[in-house]
Amino acid sequence: MHAIAPLFSLVINFPVGILGILAFALWIWALVNALTNPRLSGGEKIAWVLVIIFLNVLGALIYLLVARRK
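Residues numbered from 1 in each chain as written. Predicted model: local features only at pLDDT ≥ 70, side-chain atom pairs only at ≥ 80, totals over all residues. Heavy atoms only, no water.

1. Concerning the packing of aromatic side chains
In step 1: By the definition in use, this model includes 2 aromatic pairs.
In step 2: Centre to centre, the rings of Trp48 and Tyr63 are 5.4 Å apart; their planes meet at 70°, and the pair counts as edge-to-face.
In step 3: Using a relative accessible area of 16% as the deciding quantity, one classes Trp48 as buried. (Phe/Tyr/Trp six-rings, centres within 6.5 Å; stacked < 30°, edge-to-face > 60°. Buried < 20%, exposed > 50% of the residue type's maximum accessible area, 1.4 Å probe, protein only.)

Shown next as structure tokens:
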């Protein structure tokens, strides 16, 4: 039983870690994109940056779905 515990931990933690890294990359990408998006006015940029910062990955997904289609 003791030999299975590290394998089980690896099987669970590896995909969760990869998802965490991908979520962080999405968050950084959305933040940089919101700051450099020429189609957004100054006030819109500030609003989107605040949404992305305070809502984290959810804010990045909202930006991806709403603001990028503008």
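Back to the write-up after that little detour.
2. Comments concerning helix α2 (residues 42–66)
In step 1: Between its terminal C-alpha atoms α2 stretches only 17 Å, short of the 36 Å expected from 25 residues at 1.5 Å a residue.
In step 2: In α2, a bend of some 140° at Asn56 exceeds every other bend along the element.
In step 3: Three or more residues of α2 are buried, namely Trp48, Val49, Ile52, Gly59, Ala60 and Tyr63.
In step 4: Taken together, the buried residues of α2 touch α1 (4–36). (Helix = DSSP H or I, 4+ residues; strand = E, 2+ residues; numbered from the N terminus. Expected span 1.5 Å × (residues − 1). Bend = angle between axes of the 7 residues up to and from the residue. Contact = heavy atoms within 4.5 Å.)

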